[in-house]
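Structural overview
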Amino acid sequence: MRLIKNYYLSRIKEVNILEVFDIRKAAFKAAQGMILFFIVCYLFYDRIWLGFLYAVFCFPYMLYQAREERKLRIRQARLEFKEMLLSVYNSLSAGYSLENAVRAARDDLKTVNGDKKSVLEQELSLVCAGLEVNQPIEVLMDKMALRLGVDEAVQFAQVLWIIKRNGGNLIQIIKKSVEHMNQKIQVKEEILTMVSSKRMEQKIMSVMPFFVLLYVRLMNPGYFQVLYDSPGGVILSTVCLIVLVTAGMWAKRIVEIEV
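Residues numbered from 1 in each chain as written. Predicted model: local features only at pLDDT ≥ 70, side-chain atom pairs only at ≥ 80, totals over all residues. Heavy atoms only, no water.

Overview of the packing of aromatic side chains
Using the criterion set out here, one finds three aromatic pairs in the structure. Each ring, one from Phe81 and one from Phe156, has its centre 6.0 Å from the other, and the planes form 75°; the classification is edge-to-face. With Phe81 in helix α4 (residues 54–93) and Phe156 in helix α8 (residues 151–166), the pair connects residues that are 75 residues apart, well separated along the chain. In this structure, Phe81 and Phe156 share a single accessibility class: buried. Its end group placed over the ring of Tyr42, Arg217 keeps NZ or CZ at 4.3 Å from the ring centre. (Phe/Tyr/Trp six-rings, centres within 6.5 Å; stacked < 30°, edge-to-face > 60°. Helix = DSSP H or I, 4+ residues; strand = E, 2+ residues; numbered from the N terminus. Buried < 20%, exposed > 50% of the residue type's maximum accessible area, 1.4 Å probe, protein only. Lys NZ or Arg CZ within 6 Å of the ring centre and 35° of its normal.)

Structure (structure tokens):
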């Protein structure tokens, strides 16, 4: 129990559910998990009332969904950060100061996204607000990088710290940094594109047993009745469910390549 408690405490520190989801989306995700749980209880135990045990599994499920959503946000923020770097470099080459180049990058993101505000656009708005009260840009960018959780943003903030503290050719240093980070981001996206088909195959293979079970239940309702009416059958159903869930998590871990 202590190991389980420590595991979830580490996950809580890693991601905050309410920081990732708003109340409406969190309620939708929770309802989605509840429906799936009731379906699983119907397929494996023929006892829909067991679905009320979802209250025990709701928090781990929401934690998992929050982590997946955060991964998607980080990937989107990484792509937007790539565009921001290019915009900053072009503005610096045109004679803008670094502060004005960041403002121009925010305006470019606003133009691209329109009414839909992205995570990076909101962060750049906070940076620009800090610039209005004369806060150092390297401090603001460092805080933004920590909130985004994007490695390239952290590296760019470190470059700004070095430039501001030690001096140097700002345009050339940022140009080299932008080129290096863009190449790194491009490689990451190419790898993710290459394994995307395998991820889709993994998702299909993970849910296929449940669809097969549902099909048999609908076409021949009494086929699995012996599993539902005997203690041995319930145990066997539980073992099969654990094996399917474990196999799905294992397969997902295999195709999830951290880059």
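Some words on the side chain of Gln202
Along the chain, Gln202 falls in helix α9 (residues 170–219). Apart from residues no more than four positions distant in its own chain, Gln202 is found in contact with Gly248, Ala251, Lys252 and Val255. (Contact = heavy atoms within 4.5 Å.)

Focus: the confidence of the model for the protein chain
Residue-level pLDDT values for the protein chain average 78, and 90% of them are 70 or greater. Between residues 1–14, whose pLDDT stays under 50, and residues either more than four places distant or in other chains, the model counts eight contacts. (pLDDT = per-residue confidence, 0-100.)

Some words on the packing of helix α3 (residues 23–45) against α9
Running from N to C, α3 and α9 point in directions that differ by 60°, and their axes come no closer than 10 Å. In terms of orientation, α3 and α9 fall into the oblique class. As α3 runs across α9, the sense of the crossing is left-handed. Contacts from Val40, Tyr42, Leu43 and Phe44 in α3 reach Phe210, Leu213, Leu214 and Arg217 in α9. Tallied by class, the residues present in the contact of α3 with α9 amount to seven nonpolar, no polar and one charged. (Axes fitted to C-alpha atoms, helices over the stretch in contact; angles between N-to-C directions. Parallel < 35°, antiparallel > 145°, perpendicular 65-115°, else oblique. Left-handed = near helix turned anticlockwise from the far one by under 90°. Nonpolar A, V, L, I, M, F, W, Y, C, P; charged D, E, K, R; others polar.)

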